[in-house]
Amino acid sequence: MKPPICCICHKRLDYPDDGGLIYFKKRRSDKEWQNMMEKKGMVGHPPYAEWFCGEHYKKQKS
Ligand SMILES: [Zn+2]
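Conventions adopted
Residues numbered from 1 in each chain as written. Predicted model: local features only at pLDDT ≥ 70, side-chain atom pairs only at ≥ 80, totals over all residues. Heavy atoms only, no water. Helix = DSSP H or I, 4+ residues; strand = E, 2+ residues; numbered from the N terminus. Buried < 20%, exposed > 50% of the residue type's maximum accessible area, 1.4 Å probe, protein only. Contact = heavy atoms within 4.5 Å. Donors = N, O, S within 2.8 Å, 3.2 Å for Na, K, Ca; no water. Tetrahedral: all angles 85-135°; square planar, octahedral: opposite > 155°, others 65-115°. Phe/Tyr/Trp six-rings, centres within 6.5 Å; stacked < 30°, edge-to-face > 60°. Expected span 1.5 Å × (residues − 1).

## Focus: the overall build of the protein chain
No. 1: A tally of helices and strands in the protein chain yields two helices and two strands.
No. 2: Each helix and strand of the protein chain, placed in order from N terminus to C terminus, yields the pattern β-α-β-α.
No. 3: Expressed as lengths along the three principal axes of its C-alpha atoms, the size of the protein chain is roughly 35 × 25 × 15 Å.
No. 4: A burial count over the protein chain gives 29% of its 62 residues as buried.
No. 5: Within the protein chain, counting contacts between residues at least 6 apart in sequence, those at least 24 apart form 68% of the total.

## Concerning the coordination of the zinc ion
As a benchmark, a tetrahedral metal site with four donors has ideal angles of 109.5 degrees, while an octahedral site with six donors has ideal angles of 90 or 180 degrees.
No. 1: Within the protein, the atoms that donate to the zinc ion are C6 (SG), C9 (SG), C53 (SG) and H56 (ND1), at distances of 1.9 to 2.3 Å.
No. 2: What the four donor atoms of the zinc ion show is an angle range of 101 to 120° at the metal, which sorts the shape as tetrahedral.
No. 3: Look at where the donors of the zinc ion fall in the sequence and you get C-x2-C-x43-C-x2-H. Of this pair, C6 sits in the segment before β1 (20-23) while H56 sits in helix α2 (residues 54-61), and the two are 50 residues apart along the sequence. In terms of burial, C6 and H56 fall into one category: buried.

## Focus on the packing of aromatic side chains
No. 1: If you walk through the whole model with that rule in mind, you get three aromatic pairs.
No. 2: Taking 6.5 Å as the distance between ring centres and 70° as the angle between the ring planes, the aromatic pair formed by F24 and F52 counts as edge-to-face. Remark: F52 occurs in strand β2 (residues 49-52) and F24 occurs in the loop between β1 and α1 (28-40); sequence separation between them is 28 residues.
No. 3: Note on F24: relative accessible area 37%, which makes it partly exposed.
No. 4: Considering the side-chain rings of W33 and Y48, the 6.4 Å spacing of their centres and the 85° angle between planes classify their relative orientation as edge-to-face. Of the two residues, W33 is situated in helix α1 and Y48 in the loop between α1 and β2; the sequence distance between them amounts to 15 residues.

## Regarding α1
Each turn of an α-helix holds 3.6 residues, which means side chains three or four residues apart point in the same direction.
No. 1: The end-to-end C-alpha distance of α1 is 19 Å, a good match for the 18 Å that 13 residues give at a rise of 1.5 Å each.
No. 2: With its phi angle positive at about 65°, G41 sits one or two positions after the end of α1.

Shown next, in the form of structure tokens:
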């Protein structure tokens, strides 16, 4: 997993519950990434997910 840092303002989320991880629609390359990770039995931070601080999380959700 990526460290919880807002992808907009780069604020570090000391309490990840303040904000959240938002998953975007998967693109073709993201599906390939997922297949590759599954084949290797690896877990990682998906390229289609980003952290948002509380403030920006609300904006994304609204
Ligand atoms: Zn932010």
